[in-house]
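The primary structure of each chain is shown beneath.
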Amino acid sequence: MNEVLEYLFFTQAIADKFIVALQEHDLHFEREIEPVQGAIVLKIAEGVDDDLWDELDDLYDMLSDEDQALVEAGIEDDDSKSTAGIYLQLADGSQTIAQVDPVIMSRILTVITTDELNAFVDTIVRSVETPDDSPICKRL
């Protein structure tokens, strides 16, 4: 896709509602998982009728409120449980995700930023992948 519009969702249930609207309008989209927060990103090529974009934007605004309410409540819906994860970028270029208790993740993110958490986690990953047994006081 060249130029795209991106729609970000934090719960699958709400993303699914938006996907249904895209499918009803026969719009092609790509689905990705955002590596920092694990959010669902739906990418849609630009060039769609202005009235349809307005309709999609209105739907997105409504769903975003619902999405945020579910995130704040710590649940997606009755059939799923709340989860949180941290994406780990490995030295070989691959990624994996470590599942984390969402209550603990929420507590962590109340005192540090996402960037600070990512830097902390990256330090741990690098230390595991390339251990250094020298005394900590002698490291640069």
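The written sequence of each chain sets the order in which its residues are numbered from 1. The predicted origin of the model limits local features to residues at a pLDDT of at least 70 and limits the giving and counting of side-chain atom pairs to 80 or more, whereas totals for whole chains, interfaces and linings rest on all residues. Where side-chain values are given, they derive from all heavy atoms of the structure, hydrogens and water being excluded.

A. Expanded view of the overall build of the protein. Each helix and strand in the protein was counted, giving four helices and five strands. For the protein, the succession of helices and strands along the chain, N to C, is β-α-β-β-α-β-β-α-α. Buried means the residue's accessible area, taken with a 1.4 Å probe over protein chains only, is under 20% of the maximum for its type, while exposed means over 50%, and partly exposed covers the values in between. Per-residue burial for the protein yields a buried fraction of 24% across its 140 residues. Long-range pairs, those at least 24 residues apart, make up 57% of the contacts in the protein with a sequence separation of at least 6. The protein chains shown are the only cover counted for residues, whose accessible areas, like all others here, come from Shrake-Rupley with a 1.4 Å probe. Total accessible area computed for the protein in this model is approximately 9,600 Å², and 52% of it derives from carbon and sulfur atoms. Put simply, DSSP H or I for four residues or longer makes a helix, DSSP E for two residues or longer makes a strand, and each gets a number counted from the N terminus. Contacts are assigned to residue pairs with any non-hydrogen atoms lying within 4.5 Å of each other.

B. Local environment of the environment of Lys43. Relative to the elements of secondary structure, Lys43 occurs in strand 3 (residues 40-45). In this structure the C-alpha to C-alpha distance between Lys43 and Glu32, which are 11 residues apart in sequence, comes to 8.0 Å. Side-chain polar atoms of Lys43 contact the side chain of Glu32, separated by 3.2 Å. Polar contact is the term for a pair of N or O atoms within 3.5 Å; when the atoms are in protein, one must be able to donate a hydrogen and the other to accept it, and sequence-neighboring residues count only if both atoms are side-chain atoms.

C. Focus on the pattern of salt bridges. Any carboxyl oxygen of Asp or Glu that lies within 4 Å of a side-chain nitrogen of Lys or Arg is treated as forming a salt bridge with it. Inspection of the entire model under this criterion finds six salt bridges. Lys17 is paired through a salt bridge with Glu66; the nearest N and O atoms lie 2.6 Å apart. Pair noted here: Lys17 is in helix 1 (residues 12-24) and Glu66 is in helix 2 (residues 50-73), with a separation of 49 residues, a long-range link. Look at Glu66 and you get partly exposed, because its relative accessible area is 30%. When salt bridges that share partners are traced, they join Glu6, Glu32 and Lys43 into one network.

D. Geometry of a negative patch on the surface. Patch membership requires more than 30% relative accessible area and the absence of a salt bridge. Residues of like charge join within 9 Å; the nonpolar side chains Val, Leu, Ile, Met, Phe, Trp and Tyr join within 5 Å. Only four residue types enter the tally: Lys and Arg on the positive side, Asp and Glu on the negative side, with His and both chain ends excluded. For the purpose of locating charges, the reference atoms are NZ of Lys, CZ of Arg, CG of Asp and CD of Glu. On the surface, Glu24, Asp49, Asp50, Asp51, Asp54, Glu55, Asp57, Asp58, Asp61 and Asp65 cluster together into a patch of negative charge. Here Asp54 is to be found in helix 2.

E. Representation of the sheet that holds strand 3. The antiparallel open sheet is built from three strands, whose spatial order is 1-3-2. This sheet does not close on itself; its edge strands, each paired only once, are strand 1 (4-9) and strand 2 (29-33). Neighbour-to-neighbour, the strand axes of this sheet turn through a mean angle of 25°, independent of strand direction. Direction of pairing for strand 1 relative to strand 3: antiparallel, over a ladder of six bridges. Looking across to strand 3, one finds that Tyr7 is bridged to Leu42. Contacts from helix 1 reach strand 1, strand 2 and strand 3, with the element oriented near 15° to strand 3. Whether two strands pair depends on DSSP finding at least two bridges between them. Orientation is described by lines fitted to C-alpha atoms, with helices fitted over the stretch in contact, and by angles between N-to-C directions that extend from 0 to 180 degrees.

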